[in-house]
Structures are given as structure tokens and as C-alpha cells.
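Here are the chains, one letter per residue:
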Amino acid sequence: MKPRFLSTLFTLLAIALASRAEAPKYIFYFIGDGMGMAQALGAQVYNRTVLGNTDPILMMQFPVASQCTTHSASSPVTDSAAAGTALATGVKTKNGMLGMSPDTVAVTSVAKELFDRGYGVALVTSVPIDDATPGAFYAHVPSRKMYYEIGKQAAASGYDFLAGSNLRGTKAKDGTPNDLLDTFRANGVDIAYGMDQLKDAKSKRVLLLNPEQITFPQIGYTIDSVQGAMNLPDMTLAAIKHLEKNGRDRFFMMVEGGNIDYGGHANDGGTIIKEVLNFNQALRHAYDFYLAHPDETLILVTADHETGGMGLGNNRVGYDLHLGYIDHQKISKDVFADYCRALRKSRRIYEWPDMKEFLTDNLGFWTYLPLTDEQTAALEEEFNRSMKSDITADHATLYNSFNTFTEMVYDIIDGLTGLGFTTNGHSGGLVPVYAIGAGSELFTPLNDNTILPTHLRTLTK
């Protein structure tokens, strides 16, 4: 038999078996934004070699482990809007389009279909709730940048729980506030800024956003340990509790680890690995729920695409990895870039010994990370050039820009740990698929991202 025929036969058999099983009452759809195979495996290598755990990270313990293709209708390398649309609706679309087919016809997400049939719905993300991945589960716009329109559709969705870092469509072009937040309130949504305010929410519909003192575009990286910041595991647990408080005896819940993607665009290996582990901790809450309801719960884990072209191993370490070095990294590349930018703008006296002390305290340079004399001299030269003299524009990526000194610092870290990157954007690489619970056997063959919501529909029809 040909391999393709065998795959089709296996899929049909799985569907037949699933049709005889009880439909899952509780569906958890975990999406690691930018979490390709290397990001997941990097977290597992760290888990084994640094943390000393003999058991794999939780998602790698699930009985179903497969892979997924991610191309969009317009490119072998997808953006998050097209990938989110495929994962939410089962329809391929062009990069940049959200919740629409390539010819701008609105397509319906599996979350909306289940909501209309009485399921509770919660969407949780570590990035803006109007970003591409969560937006694909409720919005229909020709451009993912139509934040006001996306926000309006979120308010009108009726979903029980929406949580993310912020909303980007709350101001007009001149910077004045518009009516978007009032639209949420008019739709019966309580808006909570941070976990402390969430305790006071009374409505059956809640929008959870960053505490007002947190100004990051996302909730804050795990590696930065931002005081007062929310974290994905707590947000996930809060969503489960809210659905239970609403008396939902069936629900669909999407949880996005969006910070993995942010770290990937920055080529920040330490931040990526810590974010995958944080995503895995959020998954633990869904798994605990599954253990209490094993015959009624499905957990599906995947990614929208790979970000960074991340690889494990480089020419500088040979056949080895030294991921323990990232434990001495206390600051993300993004925050370090912002720190350097603020220093340059302040014009205050700041010499190389000051920066050398900062690098020692926050990245472990010279005390834990073994820099050569040549690397030290090159860093000092680049510091003096980029921080004190006129320089060309920073290297811009999707979410931040980095001066040449910042790039050199984190290139040294990657060189020592053994990580490598091919791009500051997305790649066309395969992404993992993990599943456990009711109907999980459907997800065993090599999947395309459009197949995942199709299988969810099969299981719940």
C-alpha cells in the first residue's frame, strides 16, 4: 500500500472510532505562537539536562504526538492571521487576513459554532486580545491591523472570558480615546485590569487586561520577573474558574502562548525556552481538569507557525548544548534593548565599567558565562561606538529594534548556549501537535493546520 493511502485509511478509521465515542464536553485548544519543533525540544532539553527531570515536559507526555504544516493561501511562510484563521476555522487564507477566505468572505470559527450551541467560550493570551490568533476565533476583517473593528467584534462575541495584555484599538488616530471600552461595557462586559481587579468582577462576561502600570505590549516575559505582571498559568486557571462560576457544563477554551513568538522575533533563546516552560505550566491546569474529567475532556496542543528558524546546535559548541547558561539571564533581549535606548537618550555619564557590571549582574557574563578576552574587547569597542557616537538606525524586527551592541551581547549568549536562528521573522517549518483525551486519536497522522478544527467539528457534531 502507498503511504498516502495508509494515512487516509488510518484517518477514516479514527473518525469511525471517534463517531462512536462520547463528544468531549470540555475542549482545551493550546496554541504556542511561534512554537516550532526546536522551541518545544529546546524546552525539553533544558528540562532534562538543566532541571534534571527524567519525565518529559507535560505536552510531550501526551499519547498523541504528531506534526502540522502551516502554509497560508498566499505563501509557504504564513503570518499569524492566516495561520490563526486556519486553526480557528479550517480555511486557508492570505497572509494578513483574519477570519475571512481569500476572497473576503467571512468564515466561522469552531469556537463560535460551539458557542451558538450552548458551549461557554474563553480566549486567553499573553499578548493583546485583539491580536491575530485570538482574533481569528471571533473576528472577520480583511486586515489584522483593523484593531478597532476587531475590538468591536470581540465585544459583540458574547464569549464568557477574554484575557490578554491590552486592546490596541482604544484610541483614535489623534490619540484621543474612542468608544471601544464603552462598547464592551454596553455589552455587559466587566473590564478588569489585573488579577486583583478580576476578583471584583460580577458579570458573566469578563475582559481581563494588564494592570494599568504595566506598559509592555505583552503581559511581560517570564524571564524578566516583572513586578505586578500577570502570567499565563494564572490567567488560564482564572478562565477555568470563571467558566465554572458561569455554570458552563460544556466549554471551549483557547490558550495562546504569544510571548514565545515575541521572543522568537527577537532571536532570544533564553526567553523562548522560559516562555515554552511557562506555556507548559499553563497547560498543567488544563491537564488537572482532564484528570478530574478524563472521559469528557480533550486537550489539543499545537502552534500557528515557527518563528526565528531556531536550531539546536551551532558551529561554536560542536555536538553539545549548554542551556544552563540561560539561568543566569535575568533580562530579555527586548528589555535590554529598551535599557540601552533609555541610556543613550538620557545622555548621562555611563562608562564601560558600568555596563560591564550590568552584564555581570543580569546575564552572568565573566562569572558564569566564559567570555574570551577577544569577546570582551569587542564588546567594549562596540559599546563605546554604539552608545556614545552617532550610529546608523537600529536593526528593526516586528516588535522591537536592537542596536549593534545589543545584537552582539545576545549573539554571544546564543553562541555559548548552542542555539541558532535563521530569521527574525517566521519560517515554514513544521510545528508539533500533541493531544490527550476524548477523540485525541483523530490527531495522530501528519496534519495540516486546517484539519485540526475539522476534527474538532467531527468530534462535537
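Attention here is on the structure that accompanies the text.

What counts and what doesn't
- Per chain, residues are indexed from 1 in the order of the written sequence.
- Under the rules for a predicted model, residues below a pLDDT of 70 receive no local features and side-chain atom pairs below 80 are neither given nor counted, while totals for whole chains, interfaces and linings still include all residues.
- Just so you know, side-chain values use all the structure's heavy atoms and leave hydrogens and water out.
- Residues forming no salt bridge and having over 30% relative accessible area are the ones grouped into patches, like charges within 9 Å of each other and nonpolar side chains (Val, Leu, Ile, Met, Phe, Trp, Tyr) within 5 Å.
- Computed with a 1.4 Å probe, the accessible areas rest on the Shrake-Rupley method; for each residue, only the protein chains presented here act as cover.
- When a carboxyl oxygen of Asp or Glu is within 4 Å of a side-chain nitrogen of Lys or Arg, the pair counts as a salt bridge.
- In this description a helix means any DSSP run of H or I spanning at least four residues, a strand means any run of E spanning at least two, and both kinds are numbered starting from the N terminus.
- Site definitions follow a grid-based scheme: protein atoms alone, a 1 Å grid, a 1.4 Å probe that fits but cannot get out for cavities, and for pockets an open set with protein on both sides within 12 Å along at least five of seven lines, plus lining residues having an atom within 4 Å of a point.
- Grid points are joined across faces, edges and corners, and a volume is the space filled by probe spheres set on the points.
- All amino acids are sorted into three groups, where Ala, Val, Leu, Ile, Met, Phe, Trp, Tyr, Cys and Pro are nonpolar, Asp, Glu, Lys and Arg are charged, and the leftover types, Gly among them, are polar.
- A pair of strands is treated as paired once DSSP finds two or more bridges between them.

1. Looking at a nonpolar patch on the surface
Here's step 1: Together, Met37, Leu430 and Leu446 line one region of the surface with nonpolar side chains, adding up to about 250 Å² of accessible area.
Here's step 2: In this structure, Leu446 sits in the loop between strand S15 (431-437) and strand S16 (447-448).

2. Some words on unusual backbone geometry
Here's step 1: Here Ser225, not a glycine, exhibits a phi torsion of approximately 50 degrees, which is positive.
Here's step 2: Looking at the element boundaries, Ser225 is found in the loop between strand S6 (205-209) and helix H9 (232-245).
Here's step 3: Unlike most non-glycine residues, Trp366 shows phi in positive territory, near 75 degrees.
Here's step 4: Tracing the backbone through its elements, the reader meets Trp366 in the loop between helix H13 (352-363) and helix H14 (373-388).

3. Side note on empty space enclosed by the protein
Here's step 1: All told, the structure shown has one cavity of 30 Å³ or more when counted by the stated rule.
Here's step 2: By volume, the largest cavity is sized at about 30 Å³.
Here's step 3: Along its surface, the largest cavity is lined by Tyr221, Tyr262, His265, Ala266, Asp334, Thr397, Tyr399, Asn400 and Phe402.
Here's step 4: Residue composition of the lining of the largest cavity, by class: five nonpolar, three polar and one charged.

4. Points about the sheet that holds strand S4 (residues 161-163)
Here's step 1: In spatial order, the strands read S5-S6-S4-S3-S7-S1-S8-S15-S2-S16; together these ten strands make up an open sheet with mixed pairing. For this open sheet the edge positions go to strand S5 (189-193) and S16, each flanked by a neighbour on one side alone.
Here's step 2: Bridge count between strand S3 (residues 120-125) and strand S7 (residues 251-256): six bridges; the pairing is parallel. Residue pairing for S7: Gly120 is matched across the bridge by Phe251.

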